[in-house]
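# Architecture and fold: a report
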Amino acid sequence: MVRPFKIKGGGGGRKRKKRDESYNREEEEEVEEEVTEQLIEEESPKKPRKEEEEEITTRDEEDNPNEELAGIPVVPSNQKSDPGVIFILEKASLEVAKVGKSYQLLTSEDHANFLKRHNRNPANYRPDIAHQALLMILDSPLNKAGRIRSVYVRTEKGVLFEVKPHVRIPRTYKRFSGIILQLLQKLSINAVGKREKLMRVIKNPVTQYLPLNSRKIGFSHSSEKLVDMEDYLSVAVGNDENLVFVVGAMAHGRIDKEFTDDFIS
């Protein structure tokens with residue numbers, strides 16, 4: 001009778017298979033750990049350079065990826081001591097209302113029927129004027145040189161809010177209306193990853209935020225005083241005075257002369 005016997009290495013094959021599987025699992029775990037660490041390093045925000053610490057944006061880079069960063073001025077070290085410029089946009093038609101099931105920023109183009117049902121003139125609802133005015137102010141060489149101190153906007157309903165000069169306003173009106181809608185509902189908009197408020201609703205009157213040594217100049221086409229700006233500033237304004245420009249951001253009407261020192265065209 002032949003005695004049964006084990007094939008040498010038969011049981012060891014199963015053991016080797018188990019060991020190989022354990023080794024494979026260990027290798028997979030090591031690879032997963034390396035990939036996870038790499039992803040964490042890639043996703044972690046890099047520390048900004050010193051000159052980019054104040055860079056904050058409120059618009060998508062896809063709007064114009066090749067455009068130069070317009071909101072980061074190169075400012076001199078004595079910026080606070082030098083006189084600057086402050087802009088006040090008056091009577092901006094920025095009003096939020098519930099249209100259907102959602103709140104929207106009213107505009108004559110999109111809500112003409114809604115405005116007529118509520119006995120309002122659609123021609124007065126032009127938030128695009130405030131949008132274009134903010135873009136022109138924040139994109140100006142004056143702002144890139146760091147001379148604009150702040151920008152204030154007062155709506156037709158009397159809501160006053162401040163816009164920091166280094167904010168990058170969205171180029172498209174659709175995204176701008178979303179920003180303003182969020183601002184008027186939540187009263188402020190913070191920078192991404194920071195506590196700094198890019199835009200915030202503040203208390204009236206606006207004069208309490210203006211420096212003491214400032215000359216407040218109102219702009220209007222209806223003014224009888226037609227001047228050349230370069231000549232006017234060189235003669236009528238002192239070198240140590242801060243300039244406050246009051247500009248109308250509405251389609252019709254004129255700004256108030258309550259706190260202006262001069263009213264020019």
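Description of the structure in this document. Keep in mind the model is a prediction, meaning the values are calculated, not measured.

A few words on the overall build of the protein. Counting its secondary structure elements, the protein contains six helices and 10 strands. Expressed as a percentage of the 265 residues in the protein, the buried residues total 34%. Taking contacts inside the protein between residues at least 6 apart in sequence as the whole, the part at least 24 apart equals 70%. For the protein, the accessible surface area stands at approximately 17800 Å², while carbon and sulfur atoms represent 50% of it.

Formed by 34 residues in total, the largest nonpolar core has its most connected members in Val-163 and Met-199. Within the residue set of this core, elements represented by two or more residues are β1 (85-92), α3 (127-138), β4 (148-155), β5 (160-163), α5 (173-186), β7 (197-202) and β9 (242-248). It is α3 that contributes the most residues to this core, six residues altogether. Excluding its chain neighbours within four sequence positions, the residues that come into contact with Met-199 are Phe-161, Glu-162, Val-163, Ile-179, Ile-180, Leu-183, Leu-187, Ser-188 and Ile-189.

Considering the arrangement of structural elements, one finds Ile-202 in strand β7. When the C-alpha positions of Ile-202 and Ser-188 are compared, they lie 9.3 Å apart, and in sequence the two are 14 residues distant. If near-sequence neighbours (up to four positions away) are discounted, Ile-202 is found in contact with Tyr-152, Leu-160, Phe-161, Glu-162 and Tyr-209.

In this section: the sheet that holds β5. Taken together, eight strands build an open sheet; the order of strands is β6-β7-β5-β4-β1-β9-β8-β10 and the sheet is mixed. A strand with exactly one partner marks an edge of an open sheet, and here the two such strands are β6 (188-190) and β10 (262-264). Mean inter-strand twist for the sheet, computed between neighbouring axes without regard to direction, equals 20 degrees. Summarising the sheet, strand β8 (residues 214-219) and β10 pair through three bridges and their orientation is parallel. Each residue of the ladder has a partner; that of Ile-217, found in β10, is Asp-262. In the packing of helix α6 (residues 229-236) onto the sheet, contacts are made with β8, β9 and β10, and the angle to β8 comes to roughly 155 degrees.

As a further point, take the side chain of His-131. Within the secondary structure layout, His-131 lies in helix α3. Residues contacting His-131, with those up to four places away along its chain left out, are Ile-169, Pro-170, Arg-171, Thr-172, Tyr-173 and Phe-176.

This next bit is on α5. Taking 1.5 Å of rise per residue, the 14 residues of α5 would be expected to cover 20 Å, and the 20 Å separating its terminal C-alpha atoms lies within 8% of that figure. Here α5 has its buried residues at Phe-176, Ser-177, Ile-179, Ile-180, Leu-181 and Leu-183. On its buried face, α5 is in contact with β2 (96-99), β3 (102-105), α3, β5, β6 and β7. Once α5 ends, the next one or two residues include Leu-187, with phi positive near 75 degrees.

A separate point is the pattern of salt bridges. If charged atoms from side chains of opposite charge come close, those side chains can pair. What the rule picks out here adds up to nine salt bridges. Asp-261 is the partner of Lys-216 in a salt bridge, and the nearest nitrogen-oxygen pair spans 4.0 Å. Note that Lys-216 is positioned in strand β8 and Asp-261 in the loop between β9 and β10, a separation of 45 residues in sequence. Note on Lys-216: relative accessible area 15%, which makes it buried.

With an omega of 0 degrees, the peptide bond between Asn-204 and Pro-205 qualifies as cis. Summarising the element assignment, Pro-205 is placed in the loop between β7 and β8. Phi is positive for Lys-91, which is not a glycine, with a value near 55 degrees. Within the element layout of this structure, Lys-91 appears in strand β1. Of note, the phi angle at Asn-119 is positive, near 55 degrees, even though the residue is not glycine.

Conventions and cut-offs
Residues numbered from 1 in each chain as written. Predicted model: local features only at pLDDT ≥ 70, side-chain atom pairs only at ≥ 80, totals over all residues. Heavy atoms only, no water. Helix = DSSP H or I, 4+ residues; strand = E, 2+ residues; numbered from the N terminus. Buried < 20%, exposed > 50% of the residue type's maximum accessible area, 1.4 Å probe, protein only. Contact = heavy atoms within 4.5 Å. Areas by Shrake-Rupley, 256 points an atom, 1.4 Å probe, with all protein chains shown as cover. Core = buried A, V, L, I, M, F, W, Y, C linked by side-chain atoms within 4.5 Å. Pairing = 2+ DSSP bridges. Axes fitted to C-alpha atoms, helices over the stretch in contact; angles between N-to-C directions. Expected span 1.5 Å × (residues − 1). Salt bridge = Lys/Arg side-chain N within 4 Å of Asp/Glu carboxyl O.

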